Amino acid sequence: MPIYLEFKKIKFKDPTTVLKIVVVIHYLLTVLGALGSYNPFVYLFYNFVVIFLLIWSIYAKQEEPLKLAIVINMCSIILDALYIVAMADSLGGLKSSLSAAASLIHLIFRPFSILLLMKKDEKLNTPKPDTENPETGTQTLEDYDFPTFQKNRLVIT
């Protein structure tokens, strides 16, 4: 069985675990990408905006930070590709090569993280079934168990 199918079977107790893993991977790849003089300050800025929004979405009760992180992460694909192409002539040393390699790996990781975040956004925003009537917000009579009488005995079901 392919390994990606094995990863799909993993279930975490905390629903934000996938978000935390994505934050750590983005952070590590951003720091490695910024080691050399290969990437400008703007690279750090938009990557840390994505990381900030992901951390905010872990602890927020709203869905907007995660949606905004997804949109900025999509825009970051274009920006990463532009920076990798534009700064290709400045590769000179080991630090610049490591920075370029980390930026390329980060560019490859971004579509996967977007898919994970979109799937997580769907799971976090699906309404949970409850016993309340969706129209009125109250319980209906069918939700209650009423006692019945059988042969002069009270039976509670």
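All values derive from a computational prediction rather than experimental measurement.

Colleague: What's the story with helix H2 (residues 17–33) in this structure? I'm lost.
Modeller: Residues spaced three or four apart along an α-helix face the same direction, because each turn holds 3.6 residues. Compared with the 24 Å implied by 1.5 Å per residue over 17 residues, the 24 Å span of H2 between its first and last C-alpha is a close match. All of the buried residues along H2 are Val18, Leu19, Val22, Val23, His26, Leu29, Thr30 and Gly33. The arc that holds every buried residue of H2, seen down its axis, measures 140°, which confines them to one face.

Colleague: Explain the environment of glycine 93 to me, please; I cannot follow it from the model alone.
Modeller: When you line up the elements, glycine 93 lands in the loop between helix H4 (64–86) and helix H5 (94–125). Remark: the alpha-carbon pair of glycine 93 and glycine 36, spanning 57 residues in sequence, is separated by 8.7 Å.

Colleague: Explain the UniProt feature "transmembrane region" (unreviewed entry) in the protein to me, please; I cannot follow it from the model alone.
Modeller: UniProt tags residues 17–35, 41–59, 66–86 and 98–118 as "transmembrane region" (unreviewed entry). Overall, residues 17–35 shows 89% helix and 0% strand. The separation of its end C-alpha atoms is 27 Å.

Colleague: Explain H4 to me, please; I cannot follow it from the model alone.
Modeller: End to end, H4 covers 33 Å across 23 residues, agreeing with the expected 33 Å (1.5 Å per residue, within 8%). Here H4 has its buried residues at Pro65, Leu66, Ala69, Ile70, Asn73, Ser76, Asp80, Tyr83 and Ile84.

Colleague: Which parts of the structure should I look at to understand the environment of isoleucine 70?
Modeller: For isoleucine 70, the position within the fold is in helix H4. On the accessibility criterion, isoleucine 70 (7% relative accessible area) is buried. Through-space distance from the C-alpha of isoleucine 70 to that of leucine 54 is 8.9 Å; in sequence the pair is 16 residues apart.

Colleague: Would you mind going over the nonpolar core with me for this structure?
Modeller: Proteins that are soluble and globular tend to have nonpolar side chains buried together. Ranked by internal contacts, the top residues of the largest apolar core, which has 14 residues, are Leu19, Val22, Val23, Leu54, Leu66, Ile70 and Leu117. Per-element tally for this core: the top contributor is helix H3 (residues 41–59), with five residues.

Colleague: Can you help me understand a nonpolar patch on the surface in this one?
Modeller: Together, Val24, Tyr27, Leu28, Val31 and Phe48 make up a nonpolar patch on the protein surface, roughly 430 Å² of accessible area in all. No other element matches the four residues that H2 contributes to the nonpolar patch. With respect to the element layout, tyrosine 27 can be found in helix H2. Exposure remark for tyrosine 27: the relative accessible area of 42% places this residue in the partly exposed category.

Colleague: Whenever I open this one, the pattern of salt bridges confuses me. Can you help?
Modeller: Pairs may arise between side chains of opposite charge once their charged atoms sit close together. Scanning all chains against the criterion turns up two salt bridges. Across the pair aspartate 121 and lysine 67 runs a salt bridge, and its minimum N-O distance is 2.8 Å. Of this pair, aspartate 121 sits in helix H5 while lysine 67 is found in helix H4, placing the two residues 54 residues apart along the sequence.

Procedures and definitions
- Sequence positions are assigned chain by chain, starting from 1 and proceeding in written order.
- With pLDDT at 70 or above as the cut-off, local features in this predicted model cover only qualifying residues; side-chain atom pairs require 80 or more to be listed or tallied, and sums for whole chains, interfaces and linings still use all residues.
- Heavy atoms from the whole structure form the basis of all side-chain values; hydrogens and water molecules are not counted.
- Labels follow the DSSP assignment, with helices taken as runs of H or I lasting at least four residues and strands as runs of E lasting at least two, numbered in each case from the N terminus.
- Here the expected length of a helix is defined as 1.5 Å per residue gap, with one fewer gap than residues.
- Each residue is assigned to one of three classes by its accessible area relative to the maximum for its type, calculated with a 1.4 Å probe on protein chains only: buried under 20%, partly exposed between the two thresholds, exposed over 50%.
- Arc definition: directions from the helix axis to the C-beta atoms.
- UniProt positions are given in the numbering used here, feature names are shortened, and annotations may be inferred rather than shown by experiment.
- In this text, buried Ala, Val, Leu, Ile, Met, Phe, Trp, Tyr and Cys residues form a nonpolar core when linked through side-chain atoms within 4.5 Å.
- Distance thresholds for patches are 9 Å for like charges and 5 Å for nonpolar side chains (Val, Leu, Ile, Met, Phe, Trp, Tyr), applied to residues having over 30% relative accessible area and no salt bridge.
- For every accessible area listed, the method is Shrake-Rupley and the probe measures 1.4 Å; residues are considered covered only by the protein chains on display.
- By definition here, a salt bridge exists when the distance from a side-chain nitrogen of Lys or Arg to a carboxyl oxygen of Asp or Glu is within 4 Å.

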